[in-house]
Amino acid sequence: MFFNLNINKILLGISRAFVVLALGITISAAQGFSFVALGDMPYGKPDQAYPPYRGLIASINQAKPLFSIHVGDFKGGSTECSDQEFSEQRKHFSMFEAGVVYTPGDNDWTDCHRRSNGAYDPLERLAKLRQDFYAPNESLGMKPFALVSQPASDPKHALYVENQRWVVDEVLFVTLHIVGSNNNFETRDTRATSEFFSRDAANIAWVREAFKLAEMNQYRAIVFAFQANVFISRSMWEDFPAWSGFRNSIGQTLLPLAKEWNKPILIIHGDGHQLHFDQPFKIKGQVISNITRLEVPGASDVRAVKVAVDLSKDQKFGIWLISPLDRR
């Protein structure tokens, strides 16, 4: 599925010069660059879910992106949150030939209390995720690249190794730990509520710092990636009502700052399992025209999205779908 007729031209003559700076990896791409976004997979039993997912990873490797971003939910909502499952998904990330950045989803920890998930303690599973999937200031994948984790930049939020950022050419990439199930904003559970407010504060600080860096360094675009479909808790009257776990970080922080910055922004998320490439974000009913949203497919739709970035074009972001290679 093509959304940019000039994508092939964009990919010609790409120059890759890697310089590790305090901000993470800076890649100089003479005529644009491309990366891959995916999420909400693999879902299902290993014998059914793993072969197509591994075929998709093979297709991604064949496409040779600079890096990939997995926006969370590396297992289905009824799959057990076991150490073995975590180990298998860690192995899958090691199959990506280029670097891959992973930001958690709700299936990966918040929903692990479910009986079908093994009745785990979600906070214990979150600690395990941080231990197994995050090295200080480094991505996953066969060829990890340098990036900046929030603790290295802001020791006040030392827990949040999953909040990461890096620079490609003049584009700032930022991951945020914002998950489905209303972002774990569960007022009936005091431990969940405490976790939510602490992580929400870290996400807000990370967003604000991103815009400060973008302004200071005169970056030309920002890409934010997280798991949740933030519209899932909208009301008839507003997108981010008081009970929304996305009100503070998205509605009251990211969107106003994005509108003020007024340069191209791409927001990538999963959660809904359907491809969307549109402009749904609004303030007071008015579309924020500099924000584009990409929701990646997932669950039974085992496809990834290759994103081409060329800031010299009127359409800054072009996308097309990647399907699995046959791995039978």
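Judged by how many residues are buried, strand β11 (residues 265-269) sits mostly within the fold: five of five residues are covered. A two-sided burial pattern is seen for β11, the buried positions comprising I265, I267 and H269 on one face and L266 and I268 on the other. Bridge count for strand β10 (residues 221-225) against β11 is four bridges, and the pairing is parallel. Considered in β11, the bridge of A225 is made with I268. Handedness of the β10-helix α8 (residues 247-261)-β11 crossover: right-handed. Direction of pairing for β11 relative to strand β15 (residues 291-295): parallel, over a ladder of five bridges. Pairing of L266 across the sheet is with T292, part of β15.

Moving on to the sheet that holds strand β3 (residues 33-38). Strand order in the open sheet formed by six strands is β6-β5-β4-β3-β16-β17, with mixed pairing between adjacent strands. Only two strands of the sheet have a single partner each, and these edge strands are β6 (140-141) and β17 (317-322).

Bringing the state of the cysteines into the picture now. Taken as a whole and judged by the stated rule, the model has one disulfide. Here C81 engages in a disulfide with C112; their sulfurs sit 2.0 Å apart. Handedness here is read from the sign of the S-S torsion; for C81 and C112, about -85°, the answer is left-handed. Of this pair, C81 sits in the loop between β4 (67-70) and α3 (83-93) while C112 is found in the loop between β5 (99-102) and α4 (122-133), placing the two residues 31 residues apart along the sequence. Residue C112 is classed as buried on the basis of its relative accessible area, which comes to 0%.

Inspection of every chain in the model, using the stated rule, returns 17 salt bridges. R188 is the salt-bridge partner of E186, the closest N and O atoms lying 2.8 Å from each other. Note on E186: relative accessible area 28%, which makes it partly exposed. A salt bridge links E295 to R293, with the shortest nitrogen-to-oxygen separation between them at 3.6 Å. No difference in accessibility class separates E295 from R293, as the two residues are buried.

To continue, consider the packing of α3 against α4. Where α3 meets α4, the closest approach of the two axes is 11 Å, and the angle between their N-to-C directions is 30°. What the angle tells us is that α3 and α4 run roughly parallel. In this structure, the crossing between α3 and α4 has a hand that is right-handed. Along its contact with α3, which presents D83, F86, Q89, R90 and F93, the element α4 presents R125, K128, L129, D132 and F133. Of the residues in the contact of α3 with α4, the class split is four nonpolar, one polar and five charged.

Before going further, it helps to spend a moment on the side chain of R199. Its location among the elements puts R199 in helix α7 (residues 190-216). A relative accessible area of 0% means that R199 is categorised as buried. Within the structure, R199 has its side chain in polar contact with the side chain of N183 (distance 2.6 Å). At 2.6 Å, the side chain of R199 and the side chain of E195 are in polar contact. Those residues in contact with R199, other than ones at most four positions away along the chain, are W109, Y160, H177, I178, V179, N183 and N184.

The tally for this structure, following the rule as stated, stands at 24 aromatic pairs. For the pair F74 and Y102, a centre-to-centre distance of 5.4 Å together with 25° between the ring planes defines the contact as stacked. Highlighted residues: F74 in the loop between β4 and α3 and Y102 in strand β5, separated in sequence by 28 residues. With relative accessibility at 1%, the residue Y102 sits in the buried group. One aromatic cluster is present, formed by F74, F86, F93, F96, Y102, F133 and Y134 through successive ring pairs. Here the basic side chain of R125 rests over the ring of F86, its NZ or CZ set 5.0 Å away from the ring centre.

Scored by pLDDT, the protein comes out at a mean of 90, with 90% of its residues at no less than 70. Segment residues 1-24 is flagged for pLDDT under 50; beyond a separation of four residues in sequence, or across chains, it makes 59 contacts in the model.

Okay, the side chain of T253 next. With respect to the helices and strands, the residue T253 is situated in helix α8. A distance of 2.7 Å separates the side chain of T253 from the backbone oxygen of N248, its partner in a polar contact. The residues contacting T253, other than those within four sequence positions of it, are I204, V207, R208 and N248.

So, how was this worked out
- The numbering scheme is per chain: residues are counted from 1 as the chain's sequence reads.
- Only residues with pLDDT of at least 70 get local features here, since the model is predicted, and only at 80 or more are side-chain atom pairs given and counted; chain-wide, interface and lining totals rely on the full set of residues.
- Note: side-chain values were computed over all heavy atoms of the structure, leaving out hydrogens and water.
- Relative accessibility under 20% of the residue-type maximum defines a buried residue, over 50% an exposed one, and the middle range a partly exposed one, all with a 1.4 Å probe and only protein chains included.
- Labels follow the DSSP assignment, with helices taken as runs of H or I lasting at least four residues and strands as runs of E lasting at least two, numbered in each case from the N terminus.
- Any two strands between which DSSP finds at least two bridges are classified as paired.
- By convention, orient the strands away from the viewer: a clockwise path from the first strand over the helix to the second makes the crossover right-handed.
- Disulfides are defined as pairs of cysteine sulfur atoms found within 2.5 Å of each other.
- Counted as salt bridges are all cases of a side-chain nitrogen of Lys or Arg within 4 Å of a carboxyl oxygen of Asp or Glu.
- Angles here are taken between N-to-C directions and fall from 0 to 180 degrees, while the axes themselves are lines fitted to C-alpha atoms, restricted in helices to the stretch in contact.
- To sort the angles, those under 35 degrees are grouped as roughly parallel, those over 145 as roughly antiparallel, those from 65 to 115 as roughly perpendicular, and the leftovers as oblique.
- The hand of a helix crossing depends on one turn: near helix anticlockwise from the far one by less than a right angle means left-handed, and clockwise means right-handed.
- The contact criterion used is simple: two residues touch if any of their non-hydrogen atoms lie within 4.5 Å.
- All residues other than Ala, Val, Leu, Ile, Met, Phe, Trp, Tyr, Cys, Pro, Asp, Glu, Lys and Arg, Gly among them, are scored as polar; the first ten of these are nonpolar and the last four charged.
- Definition of a polar contact: a pair of N or O atoms within 3.5 Å, with one able to donate and the other able to accept a hydrogen when the atoms are protein atoms, and with sequence-neighbouring residues admitted only if both atoms are side-chain atoms.
- Only the six-membered ring of Trp is used, alongside the rings of Phe and Tyr, when aromatic pairs are assigned; centres must lie within 6.5 Å, and planes under 30 degrees apart are stacked while those over 60 apart are edge-to-face, with the rest tilted.
- Criterion for a charge above a ring: Arg CZ or Lys NZ at most 6 Å from the ring centre, at most 35 degrees from the ring normal.
- What pLDDT expresses is the predictor's confidence in each residue, scored from 0 to 100.

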